[in-house]
Amino acid sequence: MRRDRTSGRAAPVPADGATGDPTARSGALFGRRVMLRPLVLSDFEAWREVRLRCHDWLTVWEPSRQPGSPDPTTDRDAFGVRCAARQRERALGTGHGFGVFHDGRLCGEINLNSIQRGPFQNAYVGYWIDQAVAGRGLMPEAVVVLSRFAFEELGLHRLQVSIIPRNQASRRIPEKLGLRDEGVALRYLEINGVWEDHVRYAITSEEWLERRDDLARAWLSP
Ligand SMILES: CC(C)(COP(=O)(O)OP(=O)(O)OC[C@H]1O[C@@H](n2cnc3c(N)ncnc32)[C@H](O)[C@@H]1OP(=O)(O)O)[C@@H](O)C(=O)NCCC(=O)NCCS
């Protein structure tokens with residue numbers, strides 16, 4: 001697997017994130033303005049503040065919470081369980097979840113979900129950002145940082161972003177980054193209680209190799 005010395009995995013995560021897992025131990029991922037690192041229990045207050053403030057804006061685009069499951073926005077223990085679940089996924093190599101930080105503040109999340117190895121070598125990308133900093137190009141930058149990690153550190157072959165067709169703001173991200181539109185999958189994911197169609201955008205490692213210098217110049221270079 002090729003390791004990119006410019007990928008910026010350097011800064012330590014807080015001590016309560018130390019789990020023995022290489023990503024958590026060796027640090028964060030850096031873009032021009034964003035830093036990505038796994039969330040830890042001490043992020044609870046910041047996470048809760050942004051999730052509560054942006055509740056209506058975010059949850060219309062998200063799967064509904066399982067009935068009866070504790071709410072991590074109000075229950076610190078539930079948030080801890082969520083962090084621990086992400087840590088387990090990292091240790092197993094089945095997922096990588098990151099908080100997105102800008103100017104030292106938590107302002108969103110971006111995740112590589114359901115990593116499949118074998119002949120697929122695929123992951124699904126999910127993201128959200130604080131409405132107060134939306135429209136500044138922070139999430140497309142985070143997607144480029146995450147793509148570099150996925151292709152150059154994890155050695156994956158394909159990433160997919162799935163978006164409800166009417167979510168124009170989210171569709172602008174793959175459009176700006178030049179991900180391929182693979183068409184609409186009908187009734188693809190349960191979002192806010194409804195089986196919603198999704199446009200599937202994808203990029204493979206061949207396309208990443210062709211385009212990574214342009215993407216890095218546009219989104220990552222100082
Ligand atoms: C989708 C989302 C992550 C985009 O992140 P972002 O950092 O704002 O991305 P960008 O800055 O590139 O803006 C994307 C588009 O949002 C729209 N936008 C611009 N300013 C905005 C603002 N102040 N508030 C909301 N949307 C805005 C524009 O259409 C913009 O496209 P443009 O740059 O071509 O004008 C963010 O809007 C979000 O979290 N939305 C709610 C949850 C969600 O949709 N998650 C994704 C599910 S697939």
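Residues numbered from 1 in each chain as written. Predicted model: local features only at pLDDT ≥ 70, side-chain atom pairs only at ≥ 80, totals over all residues.

The protein chain is annotated in an unreviewed UniProt entry as GNAT family protein from Iamia majanohamensis. Turning to the protein chain, the UniProt record has this under Sequence similarities (unreviewed entry): "Belongs to the acetyltransferase family. RimJ subfamily." (UniProt positions renumbered as here; feature names shortened; annotations may be inferred.)

Turning our attention to the overall build of the protein chain. When helices and strands are counted, the protein chain shows 7 helices and 8 strands. Across the 222 residues that make up the protein chain, the buried fraction comes to 32%. Summarising the internal contacts of the protein chain: among those between residues at least 6 apart in sequence, 59% fall at separations of at least 24. (Helix = DSSP H or I, 4+ residues; strand = E, 2+ residues; numbered from the N terminus. Buried ≥ 20, exposed ≤ 12 C-beta atoms within 10 Å, placed from the backbone. Contact = placed C-beta atoms within 7 Å.)

The next subject is unusual backbone geometry. Its identity is not glycine, yet Asp103 carries a phi of approximately 55°, on the positive side. Residue position: Asp103 is located in the loop between strand S3 (96–102) and strand S4 (105–116). Positive phi, normally seen in glycine, also occurs at Asn192, with a value near 50°. With respect to the helices and strands, the residue Asn192 is situated in the loop between strand S7 (180–191) and strand S8 (194–204).

A few words on the pairing of S8. Regular strands show a simple pattern: their side chains alternate between the two faces of the sheet. In terms of strand pairing, strand S6 (residues 158–163) meets S8 through 6 bridges, oriented antiparallel. Looking across to S8, one finds that Val161 is bridged to Tyr201. The sheet contact formed by S7 and S8 spans 7 bridges and is antiparallel. From the neighbouring strand, Arg180 faces S8, where its bridge partner is Ala202. What sits between the antiparallel neighbours S7 and S8 is a turn of 2 residues, in which Asn192 has the positive phi angle 50°. (Pairing = 2+ DSSP bridges.)

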